Amino acid sequence: MSGARCRTLYPFSGERHGQGLRFAAGELITLLQVPDGGWWEGEKEDGLRGWFPASYVQLLEKPGMVPPPPGEESHTVALPPGWQSYLSPQGRRYYVNTATNETTWERPSSSPGIPASPGPHRSSLPPTVNGYHVSGTPAYPPETAHMSVRKSTGDSQNLGSSSPGKKQNKENTITINCVTFPHPDTMPEQQLLKPTEWSYCDYFWADKKDPQGNGTVAGFELLLQKQLKGKQMQKEMSEFIRERIKIEEEYAKNLAKLSQNSLAAQEEGSLGEAWAQVKKSLADEAEVHLKFSAKLHSEVEKPLMNFRENFKKDMKKCDHHIADLRKQLASRYAAVEKARKALTERQRDLEMKTQQLEIKLSNKTEEDIKKARRKSTQAGDDLMRCVDLYNQAQSKWFEEMVTTTLELERLEVERVEMIRQHLCQYTQLRHETDMFNQSTVEPVDQLLRKVDPAKDRELWVREHKTGNIRPVDMEL
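Residues numbered from 1 in each chain as written. Predicted model: local features only at pLDDT ≥ 70, side-chain atom pairs only at ≥ 80, totals over all residues. Heavy atoms only, no water.

The chain carries the name Growth arrest-specific protein 7 in an unreviewed UniProt entry, which gives Mustela putorius furo as its organism. As recorded by UniProt, the Subcellular location (unreviewed entry) comment attached to the chain reads in full: "Cytoplasm". UniProt's Function (unreviewed entry) comment on the chain is quoted here verbatim: "May play a role in promoting maturation and morphological differentiation of cerebellar neurons." (UniProt positions renumbered as here; feature names shortened; annotations may be inferred.)

Rendered as structure tokens:
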């Protein structure tokens, strides 16, 4: 039906919604979209585009102006005598026999009064109103319009979806957090915000089945769990370093105590000097390990423990913020569906009263039609307002999701880098401690190389000798 033209019957201000098309009575409009729901999109002769109530215009039926639906033969072929074709408010073509008032959705054959495929698709339709027939009970009930909002919010939003209908729309889309995205199996993959980087902002929009139950976990919740788990791992690393410090402190204490032990204190000579140096090296080593434990506490354990002390509290605030946006988005979505149903009811009421007007031709029915038309227009305005509010909420949620996931990504990179740096500091301290420990045993090595048993014997003999006269044998 795109490309068909219509003439406006009543003036329309279009001030109650951001995409309304303002016009006066008698203007010509070229139709661009005719979805279900009673609101069409069109373009005026001055180039202005927008949406307007379908009940405010009259279609101009001219050959070649409205393309036939898929599978239907060209309308350049003349209809049988007595038959006329019209378009329903939903944009569907049907046929009326002006002699018998017989109506059908199927194109009639060359025999007058006989449709091409008689059967279950026939219904009774009233005469022409506003250039086309309308009916409160068509053979095919109008499909409920389905809101389709892509992740990118810069494009104009459709008021509804056209044929083939709701079933195919469901097959081609997937709804996530009340936002409809292309189905990954049937639609091209959307362009990633940060391709080749495996960024958080591209892969956590959908929900994931909870491995511990039958429920689902929001993708953003998974990111929060990742952050909190990282915080817990960091805390456990700090506790591990604390245990390492305790071992060092206990080891240093035992070394210092052992260095004061009096065992073998009476060893003499060069060996005695080496033995004394061994005990002194234990005291030196104890001092080295005490310094190592102190540096572990100040340069590794404490920074790990104090890094982002309020991290968990900040994550809860972030979670509540995103959750509130999702609730608001769901509420806006429900309001759109409610307004859509209300518009459908108002359209049905308008069609019913229009049908009564053609039958009764009473002034009271005309007044009822005016009231019904005003209510239908108001319902359409309400729907447009709800759509605008929904789009605003969806855009806000999308922006906050992208901003927050990128911030979580930055925090995770920062956390990993911080831990890496402090673990490097730990290994550096270990190397320094090993070097100091080596320096404590070097004097011992030097003295051990000087140990000389012969010299030690000489010194001892000189110090402890009692005399150098040997005993004389006795003679008889």
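Trainee: How should I be thinking about the pairing of strand E1 (residues 5–8) in this particular structure?
Mentor: Remark: a regular strand shows side chains that alternate across the two faces of the sheet. By the alternation rule, side chains of E1 split into Cys6 and Thr8, which are all buried, and Arg5 and Arg7, of which none is buried. The pairing of E1 with strand E2 (residues 28–33) spans three bridges and is classified as antiparallel. Counted as the bridge partner of arginine 7 is leucine 28 from E2. Pairing between E1 and strand E5 (residues 57–59): three bridges, direction antiparallel. (Buried < 20%, exposed > 50% of the residue type's maximum accessible area, 1.4 Å probe, protein only. Helix = DSSP H or I, 4+ residues; strand = E, 2+ residues; numbered from the N terminus. Pairing = 2+ DSSP bridges.)

Trainee: Just to check I follow, could you spell out the side chain of glutamate 301 for this structure?
Mentor: Structurally, glutamate 301 is set in helix H4 (residues 269–306). Sequence-distant contacts of glutamate 301, that is, excluding residues within four places in its chain, are made with Ser238, Ile241, Arg242, Ile245 and Leu296. (Contact = heavy atoms within 4.5 Å.)

Trainee: Even after reading the chapter, I still don't get the environment of lysine 327, so can you show me in this structure?
Mentor: As for its position among the elements, lysine 327 is in helix H5 (residues 311–360). Its relative accessible area of 59% is what places lysine 327 among the exposed residues. Along the primary structure lysine 327 and alanine 393 are separated by 66 residues, whereas in three dimensions their C-alpha atoms are 9.9 Å apart.

Trainee: What's the story with the pattern of salt bridges in this structure? I'm lost.
Mentor: Opposite charge on two side chains lets them pair, provided their charged atoms get close. In the structure shown here, the tally under the stated rule is 20 salt bridges. We note a salt bridge from lysine 194 to glutamate 409, for which the minimum N-O separation is 3.3 Å. Linking lysine 194 in the loop between strand E12 (179–182) and helix H2 (200–203) with glutamate 409 in helix H6 (residues 363–450), this pair joins segments that are 215 residues apart in sequence. The salt bridge involving arginine 340 is made with glutamate 337; its shortest N-O contact spans 3.5 Å. Placement of the pair is arginine 340 and glutamate 337 together in helix H5, with a separation of three residues, close to one helical turn. With respect to burial, arginine 340 and glutamate 337 carry one shared label: buried. Members of the salt-bridge network, linked through shared partners, are Glu27, Lys44 and Asp46. (Salt bridge = Lys/Arg side-chain N within 4 Å of Asp/Glu carboxyl O.)

Trainee: Help me out: how do you make sense of the packing of helix H3 (residues 219–259) against H4 in this one?
Mentor: If you want to describe how two helices pack, look at the angle between their axes and the distance between the axes. One can describe the packing of H3 onto H4 by two numbers: an axis separation of 8 Å at closest approach and a directional angle of 165 degrees. When the axis of H3 is compared with that of H4, the two are roughly antiparallel. Crossing hand, H3 versus H4: left-handed. Here the contact of H3 with H4 is composed, by residue class, of 17 nonpolar, six polar and eight charged. (Axes fitted to C-alpha atoms, helices over the stretch in contact; angles between N-to-C directions. Parallel < 35°, antiparallel > 145°, perpendicular 65-115°, else oblique. Left-handed = near helix turned anticlockwise from the far one by under 90°. Nonpolar A, V, L, I, M, F, W, Y, C, P; charged D, E, K, R; others polar.)

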